[in-house]
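Remarks on the overall topology
As a plain string of letters, each chain reads:
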Amino acid sequence: MPCELEFRFPLRHGLHARPAAALCAAASPFAAEIVLANRRSGRQGNAKSALALVATLTRPGDGCTLRIAGEDEAAALAALRRFVSAELPLCDEEPAAPARDAGEARPLPRALRREGVVVHRGVAACGGIGRAPALVAARPVAADLAARPAGSPAEETARFERACAEVGAELRRRRDASANATERAILAAHLAILTDPELRAGVARALGERGGPAGQAVLDTAERFAAALTEAGSALLAERALDVRDVAVQVVRALDPDLPPPAALALERDAVVAAEELSPAQFLALDSARLKGLVLARGGVTSHTVVLARARGVPCVTGAGDAVRALRAGQDVIVDGERGLVVADPAPEVVRFYAAQAAALGAERARLAAAAARPAATAEGRRVEVGANVASLAEARAALAAGAEGIGLFRTEMLFMERAEAPSEEEQAAVYAEAARLAGGRPVVIRTLDAGGDKPIPYLALPAERNPFLGLRAVRIYDAYPDLAAAQVRAIVRASAAGNVRIMFPMVASLEELRALRALVAAQMRALAEAGVPFDPALEVGVMVEVPAVAFAIDEVAREADFLSIGSNDLLQYLLAVDRDNPRVAHLYDPFQPAFVRVLAAICRGARAHGRRVGLCGELGGDARAVPLLVGLGLDEVSVGAARIGAVKAAIAGCSATECEELARAAAAAATAAEVRTQLDAFAGRAAGGALLAADLVRLGSRSATREEAIRELVDLLRAGGRVADPDEVEDAVWRREDAGTTGVGFGIAIPHCRSEAVRASSIAVASYPDGVAWASLDGAPVGMAILIAVSARAGDDAHLRMIAALSRRLMDDGFRARLLAAGDAAEVVALVAGAVETREAAR
Amino acid sequence: MRIVAVTACPTGVAHTYMAAARLEKAAKALGHAIRVETQGSMGIENALSAEDIARADVVVFAAGIAVRDAERFAGKRIVEVPVQDAIKDPEKILAGLGGEGR
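Note that the coordinates shown come from a computational prediction; the quantities given were computed from them, not determined experimentally.

With that settled, consider the overall build of chain A. When its secondary structure is counted, chain A shows 30 helices and 26 strands. Buried positions account for 49% of the 844 residues belonging to chain A. The contacts of chain A with a sequence gap of at least 6 include a subset with a gap of at least 24, amounting to 70%.

Okay, here's the thing in structure tokens:
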């Protein structure tokens, strides 16, 4: 006799994929027919189908009934009763957060925490903020499947079953291999969709009724389910629709592995491009002027597409699969490359927030552009050249115009890619010579072909390798392709007649290799000399230091190389044994590991001992935080993406070489990466200046309209002054204090404050509001002036704390407040605050 | 009236000192003798001595958090108020303490 089990749905996110998969698993062992009926929505679904369960649109608190009918119904009822009372309530437990899921732990700015704002998180790969309609790159299946040849319905059904088994095995393998609970849960949900009886039945029905290829039936059926989920109007269910489509695509790929890749993208108007992945070639084909942002599902922050995006200054968020799948073509989208966020259909407050952020960034960029125009030197005037990494003449031209003091790395791979055969010696010589002419006497370091690994070149027929980064690549292929190597070397030697050209060999691992390469250069020089072709016989031959072994043979290598350039990206990935493109270990790729600092120090020492110039041409060179360390290590040159030239020059100008040397010694002696970071932050804090308040931290007549905007503006003042390491952390800390009790203390003033690790140097920022800002003040009145007090959580800052305490007391003095509120300019505010602090000091 | 007070707040950066300043000024205006100990970011300052406490007619805690070393005040009459109130209207707090001004 059929039986029923009534319960109230307990989970706060409703019946989504995870609990549906669990209920499905609990119901499936029984022969009895089991149906879940939702008494509120009036919908019901097969409890053995996760999709049907999700489609009941069950919300938290809904009254539900499980109807069970069949021979084993008693056993089923008992099992389901146990499941509903004991297991179901736990199905929503947040999966344990992965160790350091990119961006996960970072607080969101207040403006993005409003109700209804949908923020997709990813990894901040390239800074800047872009806003434009979305252009969603074709999904992995774009081909017209219906036109493909099809067998009989029975054959197609059999193919479908085989494909499902294949995808199922792969999903299970990945689920079991994953160390990440979130990922396992998602893979389990995908597995539930794949094995869903309703979905399978739908495909079988479609094949039986209409025939045609199985792939088309899978897409059609999945689309029907996905549409039903999307129509439900819930963001959570809409995400499940994405999962259904995702699984369908996997099945289609398994059915037809030979499907053509998606077509190239063309930008007809401004756009944010969203794609599962984008090859460097696809990226380069995009019109930079129209490309406002890039959202990628796959690719680490140092993948080559991202490196290129950074060089072009395109805001980019990677690891953002959710965003890529959720975005619709033409949807208004903001890419926040600073934080690694993607916001679709931004609300007006969000637009205002990003407009302010973009303005702040713009001001910072203007400051950096001014720095870029000056020669790079430390405070004492010690020169540290800032060159540019480029991959083409166009990039070289742009970089030299943007203040590059040379081309520190001319990557030649682009010349060899996307074509049927290698470029001729003539063609190469023309390009290299043109680069030399563009540089007009400034050095141009041309790196020979670095193919293999992630940069395959079709006509080189390099075999696929399990571990290409440790395989046949870079100079290691030159023996197999002697003509190609000789032609490139000759082309570079010939270009030396046109300007200040240097040749650099990648991935040299030993002195033997260096000697062989020097012999190659010498041989080509002899040949050219015999042919009467002009070149510079003093052409410098350098080594790109990226194999850790070279650091331990630096004495020999530096003796025989004319110059060295540290390729920090690969050097670090080889040293730490971390694949920088693998998002699951990318967080271990940490240039501030003391071991890496020591390796850098050893290379620099070795180079100096032989009087060789040593540069650095990896991503690390563009990290302003790392600059004092690099200066302290004694680098003669850093070469960075064109977009970073100003920031790096500004950072160098803010450095004292002697202090940096001390910092470098301390960093090399540190025990952990955290220690090195603390040292770098403390250094930056000291460099930002000791005074609590300076005129650049005062904004009179602010237009901020809300407490939210006002706080953000104050925090951004500190950021522009270099006072905080992480403005979002500081904003979050300030808001935690506001939430504990308003800092609108009455009298028309507010004193928002925080004590945070993210504050480099204890500082005060001041803004006045002619129109008043509501601050939930104790006396209910609007605030005419806010004084943000940001205290460094670092120990030993008692002097500043004492000053802040003194200022707090003084703010309770009616006369002092009146003078402060009446101050006519920033200098007056600074003087008043300084006076308040000193008076108190003197009184002590 | 002889008053001793302790001010403190969650971050100990600003409110602690503002409340102290407000209480001191209001008490002076009303003719009370007051000593205020601050428990802020620099730890305990202007610490109340055993003698201060013994001589006080009343103890005021204006703190958003637990007062440290509260056992020093055992047996005294303690008036607890939110630290915000001490900033907003210290006169009202003092008026609520009872007793006579000198």
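The next point concerns the overall build of chain B. On a plain count of helices and strands, chain B comes out with four helices and five strands. The N-to-C order of helical and strand elements in chain B reads β-α-β-β-α-β-β-α-α. Counting all 102 residues of chain B, 43% fall into the buried class. Sequence-distant contacts, at least 24 apart, represent 63% of the contacts inside chain B between residues at least 6 apart.

As a measure of interface size, the accessible area lost when the parts come together is often cited. Taken together, the contacts link 16 residues of chain B with 22 residues of chain A. Residue assignment for the side of chain B that touches chain A shows that the elements contributing at least two residues are helix H1 (15–30) and helix H3 (83–88) of chain B. Tallying contributions element by element places H1(B) first for the side of chain B that touches chain A, with five residues. Class assignment of the residues belonging to the side of chain B that touches chain A gives a composition of nine nonpolar, five polar and two charged.

We now examine the sheet that holds strand S11 (residues 332–336) of chain A. All names here are of chain A. Taken together, the eight strands give an open sheet; going across it, the order is S5-S12-S11-S7-S8-S9-S10-S6, and neighbouring strands pair in mixed fashion. A strand with exactly one partner marks an edge of an open sheet, and here the two such strands are strand S5 (119–121) and strand S6 (123–126). Each strand axis lies, on average, 30° off the axis of its neighbour in the sheet, ignoring direction. Two strands pair when backbone bridges link them, and S5 and strand S12 (residues 341–344) are joined in this way by three bridges, in the antiparallel orientation. Residue pairing across strands places Val119 opposite Val343, the latter belonging to S12. Strands strand S7 (129–136), S11 and S12 of the sheet are contacted by helix H12 (residues 348–372), whose axis makes an angle of about 120° with S7.

Glancing now at the sheet that holds strand S14 (residues 407–411) of chain A. All names here are of chain A. The strand order around the closed barrel built from eight strands is S13-S14-S15-S16-S17-S18-S19-S20, with neighbouring strands paired in parallel fashion. Each adjacent strand pair in this sheet contributes to an overall mean axis angle of 25°, direction not counted. Here three bridges tie strand S13 (residues 385–390) to S14, and the two strands are oriented parallel to one another. Bridging across to S14, Asn389 finds its partner in Leu409. Helix-sheet contacts for helix H21 (residues 594–609) involve strand S17 (540–545), strand S18 (563–566) and strand S19 (613–616), and the interaxial angle to S18 is about 170°. Across the sheet, helix H23 (residues 645–653) touches S13 and strand S20 (637–640), and the angle it forms with S13 is around 160°.

All names here are of chain A. Of note, the phi angle at Met507 is positive, near 60°, even though the residue is not glycine. Within the secondary structure, Met507 is located in the loop between strand S16 (501–505) and helix H17 (511–530). For Met507, a count of 23 C-beta atoms within 10 Å gives the class buried. One non-glycine residue with positive phi stands out, namely Ala577, at about 55°.

Turning our attention to the nonpolar core. Membership of the largest hydrophobic core comes to 153 residues, with the highest contact counts inside it found for A:Ala274, A:Val295, A:Ile407, A:Tyr432, A:Val543 and A:Ile603. Counting residues per element, this core draws most heavily on helix H16 (residues 482–495) of chain A, at eight residues. A:Trp775, B:Met18, B:Ala21 and B:Val59 belong to the second largest nonpolar core, which has 82 residues in total.

Here we come to the pairing of S13(A). Residue and element names in this part refer to chain A. For S13, the tally of buried residues reaches six of six residues, placing the bulk of the element in the interior. Here S13 runs beside S20; their pairing, made up of four bridges, is parallel. Bridge pairing in S20 places Ala388 opposite Val640. Taken together, S13, helix H13 (residues 393–401) and S14 form a β-α-β motif whose crossover is right-handed.

So, about the environment of A:Ala670. Residues and elements named next belong to chain A. By the element assignment, Ala670 lies in the loop between helix H24 (657–669) and helix H25 (673–687). Under the C-beta neighbour-count criterion, Ala670 is labelled partly exposed, with 18 such atoms within 10 Å. Residues Ala670 and Gln593 lie 77 residues apart in sequence; the distance between their C-alpha atoms is 8.8 Å. The contact partners of Ala670, leaving out residues within four places of it in the chain, are Pro594, Glu675, Val676 and Gln679.

All names here are of chain B. Inspection of the secondary structure assignment puts Ala74 in the loop between strand S4 (58–63) and strand S5 (78–81). Since 8 C-beta atoms lie within 10 Å of it, Ala74 is described here as exposed. Each C-alpha atom of the pair Ala74 and Ile53 lies 9.8 Å from the other, and the pair is 21 residues apart in sequence.

Time to look at the packing of H12(A) against helix H26 (residues 707–720) of chain A. All names here are of chain A. In the contact formed by H12 and H26, the axes pass within 11 Å of each other and the chain directions differ by 15°. Between H12 and H26, the angle is such that the two are roughly parallel. The way H12 lies across H26 gives a crossing that is right-handed. Together, Phe353, Ala356, Ala360, Ala363 and Glu364 of H12 and Glu709, Arg712, Glu713, Asp716 and Ala720 of H26 make up the contact between the two elements. A breakdown of the residues in the contact of H12 with H26 according to their chemical character gives five nonpolar, no polar and five charged.

Here is what the cut-offs are and how they apply
Residues numbered from 1 in each chain as written. Chains lettered and ligands numbered in written order. Predicted model: local features only at pLDDT ≥ 70, side-chain atom pairs only at ≥ 80, totals over all residues. Helix = DSSP H or I, 4+ residues; strand = E, 2+ residues; numbered from the N terminus. Buried ≥ 20, exposed ≤ 12 C-beta atoms within 10 Å, placed from the backbone. Contact = placed C-beta atoms within 7 Å. Nonpolar A, V, L, I, M, F, W, Y, C, P; charged D, E, K, R; others polar. Pairing = 2+ DSSP bridges. Axes fitted to C-alpha atoms, helices over the stretch in contact; angles between N-to-C directions. Core = buried A, V, L, I, M, F, W, Y, C linked by C-beta atoms within 7 Å. Right-handed = clockwise from strand over helix to strand, strands pointing away. Parallel < 35°, antiparallel > 145°, perpendicular 65-115°, else oblique. Left-handed = near helix turned anticlockwise from the far one by under 90°.

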